[in-house]
Amino acid sequence: MIKIRTKLLMYFFTVITLVVILLLVREQSTQKIIELHEQSSEHYLLLNEITGVTDQTFQSLQIYVHEPVSENLAFYQREKQQLLDLQQQYKELTEESIVQKNFLHMLTSFLEITDKTVEGVHDDNIEQYSYYLSEADNTANYIHENTLEIINQDLTEYQNLISLEDERIHHTKNMGTAIVIAIIILSVLFALWFSDGITRTISRLTKAAKEISAGNYSGQDVTVSRKDELWLLTKMFNEMKHNILQSVKEMKEKARLAQLLKEMELKSLQNQINPHFLFNTLNTISKTSYIEGAERTSELISSVSALLRYNIGNLDRETVLKDEVEIVKEYFFIQQTRFGDRVTFHTQIEEQCLHTPIPCLTLQPIVENAFIHGIEEMADSAVIALNIYQKEQKVFIEITDNGKGMDQATINQIIHPVEEKEAQSKKSGHSTGIGMRNVIDRLELFDKESALWIDSAIGKGTKVTIQLPSGKEWRKDSC
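### With respect to the packing of helix 8 (residues 321–339) against helix 9 (residues 363–375)
The geometry of a pair of packed helices is captured by two quantities: the angle between their axes and the separation between those axes. Where helix 8 meets helix 9, the closest approach of the two axes is 9 Å, and the angle between their N-to-C directions is 25°. Of the possible angle classes, the one that applies to helix 8 and helix 9 is roughly parallel. You can see that helix 8 and helix 9 cross each other, and the crossing is right-handed. Contacts between helix 8 and helix 9 pair Leu321, Glu324, Val325, Ile327, Val328, Tyr331, Phe332, Gln335 and Phe339 from the former with Leu363, Gln364, Val367, Glu368 and Phe371 from the latter. In the contact of helix 8 with helix 9, the residues fall into 10 nonpolar, 2 polar and 2 charged.

Below, the structure written as structure tokens:
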């Protein structure tokens, strides 16, 4: 993720780099012109000085020839040494070429001629020093002419170089102007692009926030293509919206659960008349039957009493599979007393599953449905089986009957009813008033991992399977 600050720093660094490169190129061109000018000036001054010292050396030689004294000779020697030094400077300063060699050769010849002139004066050979003095004069004039010619050539070349450098500086200036214009255009485009990216994202977030404030949580997530602080802010905003939506759904589910519980309590209140009086009466009848020797009747009344006590008790109480299995056995005992040998009840239960939490009144309504809608009309050989086992960290409860079964449309109506309120059975008088839809709703609210599904076909019986998470702790609001 590239931060906004990093993007700005990268942009400013790029602009500064381009400006520095432009300044360096222009400075390099200017410096080259200055160096070329200084080099040419130094070269011209040296040639001019060589010419002047050559004339001075010849003049000191003439003075010595006309007045050969030691003082004039010393003056000549100083001028000669100065010319030698200038000759060496010229050799070091200029590049080696034919012009340089010719010029240096002339200086050497001039110095040799002056030396021979001095020798002629020492030998008092008038003919010798007169000849060499004349040659020295000619050579000095030739050096002077050659110097002018060299300076003229250098000036011509320098003028050409200056023209080329001027042209180069002109191109550099044009390039610099183009770079400055490009920087301005890029700056404007970057500012538009950068500000548009920020304002567009903020506008989207503002629009989404207004929708959320209006109660609309189902809008699409805000998307940002560039990964920066706004991308992170947008991501957190979307997560916040999803969390709020999830919280609203959970609140609605809890409200729906509370409504279901209230309905169940109302139905339970409608079906009871002074429960304590009813329990005491049933217990009295049970003891009386036992004393009179009607043990079967006593057991039946005890089962009815336990069933009624469990059904109209506090719906928020802690419940585990063991309690549900016991009340199903009591219910089956009552129904078996009614149906006799027409129905058989089988159980296959793994003991480690009995402490698994479960919403209260979950198994009994399913067994009721098996009796009322499955096997009630069967003359004999009716079987209801309860199988509880654990598999892959899940607890499975299977309630199976060999009754008349149901078609897929009926299954769909039970699992996903068209109306929220479940249709009442014609034989509702046989049940406790708690339907399959109520069981499914409370299972969904009990835990997201719990599930219920139905396998059935006409004439082939029905199997209802419940899946519960293994090891879940009981919560008061789960039931």
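### So, the confidence of the model for the protein chain
Chain-level statistics for the protein chain give a pLDDT mean of 77 and a share of 77% at 70 or above. By mean pLDDT, the top-scoring element of the protein chain is strand 3 (residues 394–401) (94), and the lowest-scoring one is helix 6 (residues 275–291) (61). In this model, residues 419–433 is a region of pLDDT below 50 whose contacts with residues beyond four sequence positions or in other chains number 20 contacts.

### Some points on unusual backbone geometry
For Asp124, which is not glycine, the phi torsion reads 60° and is therefore positive. Relative to the helices and strands, Asp124 is located in the loop between helix 3 (98–122) and helix 4 (126–213). Of the residues examined, Asp124 reaches a relative accessible area of 60% and is grouped as exposed. Residue Gln393 is not a glycine yet carries a positive backbone phi of 60°. Since its relative accessible area comes to 60%, Gln393 is described here as exposed.

### A word on the pairing of strand 5 (residues 462–469)
Among the 8 residues of strand 5, 7 are classified as buried, and the element is accordingly described as predominantly covered. Bridge count between strand 3 and strand 5: 8 bridges; the pairing is antiparallel. Residue Glu398 lies in a different strand from strand 5, and its bridge partner there is Thr465. Bridge count between strand 4 (residues 451–456) and strand 5: 6 bridges; the pairing is antiparallel.

### Concerning helix 3
For helix 3, which comprises 25 residues, the first-to-last C-alpha distance of 36 Å matches the rise-based estimate of 36 Å (1.5 Å per residue) to within 8%. The first or second residue beyond helix 3 is Asp124, which carries a positive phi of 60°.

### Topic: the sheet that holds strand 2 (residues 382–391)
Here we have 5 strands laid out as an open sheet, ordered 1-2-3-5-4, and mixed in their pairing. Single-partner strands in this sheet number two, and they are strand 1 (343–349) and strand 4. Looking at each pair of strands side by side, their axes are set apart by 10° on average, direction ignored. Against the sheet, helix 8 makes contact with strand 1, strand 2 and strand 3, and its axis sits at roughly 165° relative to strand 1, the strand it touches most.

### Concerning the pattern of salt bridges
Per the counting criterion, the structure on display carries 4 salt bridges. Across the pair Lys394 and Glu449 runs a salt bridge whose closest N-O atoms are separated by 2.8 Å. Linking Lys394 in strand 3 with Glu449 in the loop between helix 11 (436–446) and strand 4, this pair joins segments that are 55 residues apart in sequence. Using a relative accessible area of 44% as the deciding quantity, one classes Glu449 as partly exposed. Asp441 is the salt-bridge partner of Arg437, the closest N and O atoms lying 2.7 Å from each other. Placement of both Arg437 and Asp441 in helix 11 is noted, with a separation of 4 residues, approximately one turn of the helix. With a relative accessible area of 9%, Arg437 lands in the buried category. Connected via shared salt-bridge partners are Arg437, Asp441 and Glu444.

### Examining a nonpolar patch on the surface
There is a patch of nonpolar side chains on the surface, built from Val180, Ile181, Ile184, Ile185, Leu186, Val188, Leu189 and Leu192 and spanning about 730 Å² of accessible area. Note that Val188 resides in helix 4. Residue Val188 is classed as partly exposed on the basis of its relative accessible area, which comes to 45%.

### Concerning the environment of Thr347
Relative to the helices and strands, Thr347 resides in strand 1. We classify Thr347 as partly exposed; its relative accessible area is 41%. Expressed as a C-alpha distance, the spacing of Thr347 and Glu398, which sit 51 residues apart in the sequence, is 10.0 Å.

### Side note on helix 10 (residues 408–415)
Those residues of helix 10 that fall on the buried side of the exposure criterion are Ile411, Ile414 and Ile415. Buried residues of helix 10, seen end-on, are gathered within an arc of 90° and therefore sit on one face of the element. Buried positions along helix 10 lie against helix 11 and strand 4.

So, how was this worked out
Think of each chain on its own: its residues are numbered from 1, step by step along the sequence as written. Where totals are concerned, whole chains, interfaces and linings use all residues; where local detail is concerned, this predicted model gives features only for residues with pLDDT of at least 70, and gives and counts side-chain atom pairs only at 80 or more. Heavy atoms from the whole structure form the basis of all side-chain values; hydrogens and water molecules are not counted. Axis lines are fitted to C-alpha atoms, over the contacting stretch for helices. Their N-to-C directions set the angle, which ranges from 0 to 180 degrees. Runs of E in the DSSP output that reach at least two residues are strands. Runs of H or I that reach at least four are helices, and both are numbered from the N terminus. When an angle is under 35 degrees it counts as roughly parallel; over 145 it counts as roughly antiparallel; between 65 and 115 it counts as roughly perpendicular; any other value is oblique. A clockwise turn of the near helix away from the far one marks a right-handed crossing, whereas an anticlockwise turn of less than a right angle marks a left-handed crossing. Contact criterion: two residues are considered in contact whenever any of their non-hydrogen atoms come within 4.5 Å of each other. The residue classification treats Ala, Val, Leu, Ile, Met, Phe, Trp, Tyr, Cys and Pro as nonpolar and Asp, Glu, Lys and Arg as charged. All others, Gly included, are polar. The predictor attaches a confidence to each residue, and that confidence, scored 0 to 100, is pLDDT. Buried, partly exposed and exposed residues are distinguished by accessible area as a fraction of the type maximum, computed with a 1.4 Å probe on protein chains only: under 20%, between the cut-offs, and over 50%, respectively. By this definition, two strands are paired if DSSP reports at least two bridges between them. Expected helix span is computed as 1.5 Å times (number of residues minus one). The working definition used for a salt bridge is a side-chain nitrogen of Lys or Arg within 4 Å of a carboxyl oxygen of Asp or Glu. The patches described consist of residues with a relative accessible area above 30% and no salt bridge, like charges being joined within 9 Å and nonpolar side chains (Val, Leu, Ile, Met, Phe, Trp, Tyr) within 5 Å. To be clear on the numbers: accessible area is Shrake-Rupley with a 1.4 Å probe, and residue cover counts the displayed protein chains and nothing else. Taken from the helix axis, the directions to the C-beta atoms give the arc we talk about.

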